[in-house]
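Each chain, letter by letter, is given below.
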Amino acid sequence: MSAKDAPPPLPEPLLVEVADSHTHLDLQSGTVEEALVKAAAVGVTTVVQVGCDVKGSQWAAETAAAHEHVHAAVALHPNEAPRIVLGDPDGWSRQGAREGGGESALDDALSEIDRLAALPYVRGVGETGLDFFRTGPEGIAAQERSFRAHIEIAKRHGKALVIHDREAHADVLRVLDEEGAPERTVFHCYSGDAAMAEICAAKGYYMSFAGNVTFKNAQHLRDALAVAPLDLVLVETDAPFLTPAPYRGRPNAPYLIPVTLRAMAEVRGIDENEMAEAIAVNTARAFDY
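Residues numbered from 1 in each chain as written. Predicted model: local features only at pLDDT ≥ 70, side-chain atom pairs only at ≥ 80, totals over all residues. Heavy atoms only, no water.

1. Comments concerning helix α5 (residues 140-157)
Since the α-helix turns once every 3.6 residues, residues separated by three or four places project in the same direction. When the terminal C-alpha atoms of α5 are compared, their 26 Å separation across 18 residues agrees well with the 26 Å that a helix rising 1.5 Å per residue should span. Residues of α5 that are buried include every one of A142, Q143, E144, S146, F147, H150, I151, I153 and A154, and no others. As for α5, its buried residues are in contact with α3 (80-86), α4 (102-117), β6 (122-131), β7 (160-166) and α6 (169-179). Looking at the residues trailing α5, positive phi occurs at G158, about 65°. (Helix = DSSP H or I, 4+ residues; strand = E, 2+ residues; numbered from the N terminus. Expected span 1.5 Å × (residues − 1). Buried < 20%, exposed > 50% of the residue type's maximum accessible area, 1.4 Å probe, protein only. Contact = heavy atoms within 4.5 Å.)

Encoded structure:
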């Protein structure tokens, strides 16, 4: 194993227990149990396991059912909706090559997400939203239809809405306004600037910061974190992606939350325990556990 693929070392444990508000255990190496034990050893005692497609959402729900400190969020990722409708000839999404199934295939997938969202250990509907980075103009209608359906599902079941917003800030905010956002709405891997953070704050949306808040080129994220109300801030890994500096490019996992949290406390100019206490309370409130 090259140094680049080696898992980073365990950070100093946090004194206040916190949650990883967004992780993908199904994409990480090792077992769920190993990941949870390693995380708990550094004070990360709860994780929200997030689905991106029907199979992943079913897995998230089953995993949450089996583990007391795992909560699930279920959804079709914004990039998944166009693939269901239009097809995925390259098999890009780990599902193998797929023919387009049209609108009816999207309806079927959404009805399964709706069924899963009713389960008690499913605490969120997400990650849903819009992604104009990977999906071209031909896929936007399917993305938006899927996003609106997820908003409705979240509201009907009283679950948190977990948003994936990539290069689509104005449109995500517009759809939320048009549909009426659920009571608890979380911008996962917050990617906007300080001005957008003020809009989110005014609407009571939670902003979850990932390891990229530590990247040199991410001053806009630190500026956003500086103005976000402390009671609306969450922390996440989005593991195995977005590993915080100085481990960028190596595999991420929930046990690395302390690295990001300490960087966030520094941006806010507060003690790491104060940051952790706020985040612990906020995550439990956002996901109603």
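2. Thoughts on unusual backbone geometry
In this structure, the amide linkage connecting A239 to the following residue, P240, adopts the cis form with an omega of 15°. Inspection of the secondary structure puts P240 in the loop between β10 (233-235) and α9 (257-268). Cis geometry marks the peptide bond from A245 to P246; its omega dihedral reads 10°. Positive phi, normally seen in glycine, also occurs at L242, with a value near 55°. In this fold, L242 is placed in the loop between β10 and α9. By relative accessible area, L242 is classed as partly exposed at 25%.

3. Some thoughts on the packing of α5 against α6
One way to put it is that α5 packs onto α6 with a least axis distance of 11 Å and a crossing angle of 45°. With respect to each other, α5 and α6 are oriented oblique. Here the hand of the crossing between α5 and α6 comes out right-handed. Judged by residue contacts, E144, F147, R148, I151 and K155 of α5 engage V172, R174, V175, L176, E178 and E179 from α6. By residue class, the composition of the contact of α5 with α6 is five nonpolar, no polar and six charged. (Axes fitted to C-alpha atoms, helices over the stretch in contact; angles between N-to-C directions. Parallel < 35°, antiparallel > 145°, perpendicular 65-115°, else oblique. Left-handed = near helix turned anticlockwise from the far one by under 90°. Nonpolar A, V, L, I, M, F, W, Y, C, P; charged D, E, K, R; others polar.)

4. Some words on the side chain of T63
Relative to the helices and strands, T63 is located in helix α2 (residues 54-66). Judged by its relative accessible area of 7%, T63 falls in the buried class. There is a polar contact of 2.7 Å between the side chain of T63 and the backbone oxygen of W59. Here T63 is in contact with V32 and V70, once residues within four sequence places are set aside. (Polar contact = N/O pair within 3.5 Å; in protein donor to acceptor, adjacent residues only side chain to side chain.)

5. As for the packing of aromatic side chains
One pass over the full model with this rule turns up two aromatic pairs. Arranged with centres 5.5 Å apart and planes meeting at 50°, the rings of Y190 and F209 form a pair that is tilted. With Y190 in the loop between β8 (185-187) and α7 (194-203) and F209 in strand β9 (residues 206-209), the pair connects residues that are 19 residues apart, well separated along the chain. The ring of F133 carries R166 above its face, with NZ or CZ at 3.6 Å from the centroid. A cation over a ring is seen here: R248 above F215, with NZ or CZ 3.7 Å from the ring centre. (Phe/Tyr/Trp six-rings, centres within 6.5 Å; stacked < 30°, edge-to-face > 60°. Lys NZ or Arg CZ within 6 Å of the ring centre and 35° of its normal.)

6. A few points about the pattern of salt bridges
Between side chains of opposite charge, pairing is possible as soon as their charged atoms come close. Inspection of every chain in the model, using the stated rule, returns 16 salt bridges. Put simply, R145 and E103 hold a salt bridge, and the shortest N to O gap is 2.6 Å. Taken together, the positions of R145 in helix α5 and E103 in helix α4 put the pair 42 residues apart, joining distant regions of the chain. Residue classification places R145 among the partly exposed residues on the basis of a relative accessible area of 31%. Linking E112 and R115 is a salt bridge whose minimum nitrogen-to-oxygen distance equals 2.8 Å. Highlighted residues: E112 and R115, both in helix α4, separated by three residues, approximately one helical turn. Take R115: its relative accessible area is 46%, and that puts it in the partly exposed class. Salt bridges here are not isolated pairs; linked through shared partners, they connect E144, R148, D171, R174, E178 and E179. (Salt bridge = Lys/Arg side-chain N within 4 Å of Asp/Glu carboxyl O.)

Worth remembering: the numbers are spatial, not functional.
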